[in-house]
Amino acid sequence: MRATIYGVLPSNPTHSARLMAEHTGIEHRMVWLLPGLHPLLVHTRGFRGDTVPAMKLDGRRYQHSRAISRALDEASEGPRLFPADPSRRSKVEEAERWGEQVLQAVPRRIYRWIAASHNSFRTQLAREVGVPAPGLVARLNAPVARTMAGRAEASDGRVRETLAELPATLARVEELLDARVIGGDQPNAADFQIVTSVRTLLCHEDLEPLLRDRPAARWARELMPEYPGTVPALLPAEWLEPLRA
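Computed from a predicted model, the values in this text were never measured in an experiment.

Caption draft 1: View of helix H12 (residues 215–223). For H12, the full list of buried residues reads Ala216, Ala217, Trp219 and Ala220. The arc that holds the buried residues of H12, viewed along the axis, is 165°, so those residues lie on one side. Tucked into the core, H12 has its buried residues touching helix H9 (156–178), helix H10 (189–201) and helix H11 (208–211).

Caption draft 2: Just the pattern of salt bridges, in detail. Counted according to the given criterion, the structure contains 15 salt bridges. The closest approach of N and O atoms between Glu93 and Arg70, which form a salt bridge, is 3.8 Å. With Glu93 in helix H4 (residues 86–103) and Arg70 in helix H3 (residues 65–75), this pair connects stretches of sequence that are 23 residues apart. A salt bridge links Arg70 to Glu96, with the shortest nitrogen-to-oxygen separation between them at 3.0 Å. Residue Arg70 is found in helix H3, and its partner Glu96 is found in helix H4; the two are separated by 26 residues along the sequence.

Caption draft 3: Structural view of the nonpolar core. Met55, Ile110, Val173, Ile194, Leu207 and Leu235 are the most contacted members of the largest nonpolar core, which totals 62 residues. When neighbours within four sequence positions are excluded, Val173 is seen to be in contact with Trp98, Leu103, Ile182, Ile194, Val198, Ala216 and Trp219. Among the nonpolar cores identified, the runner-up in size contains 8 residues, and Val31, Leu33, Val42 and Val52 belong to it.

Caption draft 4: Broad picture of helix H8 (residues 142–151). All of the buried residues in H8 are Ala142, Ala145, Met148 and Ala149. Here the buried residues of H8 occupy an arc of 120° about the axis, which is enough to place them on one side. Buried-residue contacts for H8 involve helix H2 (38–43), helix H5 (105–117), helix H6 (119–129) and helix H7 (134–140). Two residues or fewer after H8 comes Glu153, characterised by a positive phi angle close to 60°.

Caption draft 5: Quick peek at the packing of aromatic side chains. Applying the stated criterion across every chain, the model contains 3 aromatic pairs. Geometrically, the ring pair formed by Tyr6 and Phe47 is edge-to-face, given 5.7 Å between the ring centres and 70° between the ring planes. Here Phe47 lies in the loop between H2 and strand S3 (54–57) and Tyr6 lies in strand S1 (residues 2–7), a separation of 41 residues in the sequence. Neither residue differs from the other here; Tyr6 and Phe47 are each classed as buried. Ring geometry for Tyr111 versus Phe121: centroids 5.1 Å apart, planes at 70°, classification edge-to-face. Here the residue Tyr111 occupies a position in helix H5, and Phe121 occupies one in helix H6, the gap between them amounting to 10 residues. Each member of the pair, Tyr111 as well as Phe121, is classed as buried. Arg89 extends its terminal NZ or CZ atom over the ring of Phe82, reaching a point 4.3 Å from the ring centre. The ring centre of Trp98 lies 5.8 Å from the NZ or CZ of Arg172, which sits over that ring.

Caption draft 6: Quick look at the packing of H9 against H10. The contact between H9 and H10 brings their axes to 12 Å, and the two run at 140°. With respect to H10, the axis of H9 lies oblique. Relative to H10, the crossing made by H9 is left-handed. The segment H9 lies against H10, with Leu166, Leu170, Val173 and Leu176 engaging Ile194, Val198 and Leu201. Of the residues assigned to the contact of H9 with H10, the class counts are 7 nonpolar, no polar and no charged.

Definitions and cut-offs
- Residues numbered from 1 in each chain as written.
- Predicted model: local features only at pLDDT ≥ 70, side-chain atom pairs only at ≥ 80, totals over all residues.
- Heavy atoms only, no water.
- Buried < 20%, exposed > 50% of the residue type's maximum accessible area, 1.4 Å probe, protein only.
- Helix = DSSP H or I, 4+ residues; strand = E, 2+ residues; numbered from the N terminus.
- Arc of directions from axis to C-beta.
- Contact = heavy atoms within 4.5 Å.
- Salt bridge = Lys/Arg side-chain N within 4 Å of Asp/Glu carboxyl O.
- Core = buried A, V, L, I, M, F, W, Y, C linked by side-chain atoms within 4.5 Å.
- Phe/Tyr/Trp six-rings, centres within 6.5 Å; stacked < 30°, edge-to-face > 60°.
- Lys NZ or Arg CZ within 6 Å of the ring centre and 35° of its normal.
- Axes fitted to C-alpha atoms, helices over the stretch in contact; angles between N-to-C directions.
- Parallel < 35°, antiparallel > 145°, perpendicular 65-115°, else oblique.
- Left-handed = near helix turned anticlockwise from the far one by under 90°.
- Nonpolar A, V, L, I, M, F, W, Y, C, P; charged D, E, K, R; others polar.

Now the structure itself:
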């Protein structure tokens, strides 16, 4: 059995799917799509939705990280992604749901605001994917970047609000760590769902110095030592003030 996972390098849920496939031992290959154009490109692979991650496994197609976690768990003959005990599984599923529906949007919103606002960053992304003429592609991709930012509610005000709420958001991760819902000896679906969102925040040169000493940040680096790419310091300094308090 072999899986093909489609995603984009900046996508935290794409890396959740990748880590889950690695954990379960299911053979897989990653297909990296160009950020911004991936909604169209994923359609050309036969998927109905326009989001990543998207996975083909055993002749079936799956989209969204929670659907993928269940498909991989059911297919795995090795480590599992969900506890066998019903009570523990319920807690893992609740944490995974929060990770997908709430936490996942936090780095996405910040990231897309930067991509829509800075041509230099779009050029960096195009260069990382390896497309020809990255500067030209970045300029042409500006309307797409603005559209994607709108879909993530990445307005100035909403991003500023998201940054102000970030300490409370990470406190929720740390509550789950204290309760051992995540952070146990054997990582589960909630670990992989949540860790990529925290880990990608640490790739922001603006945010890493302000977050590095938090328990959530230390856990994320232990579980996921490497995360591809860096985001230059492009957020307005005054938006970061709540994180310095």
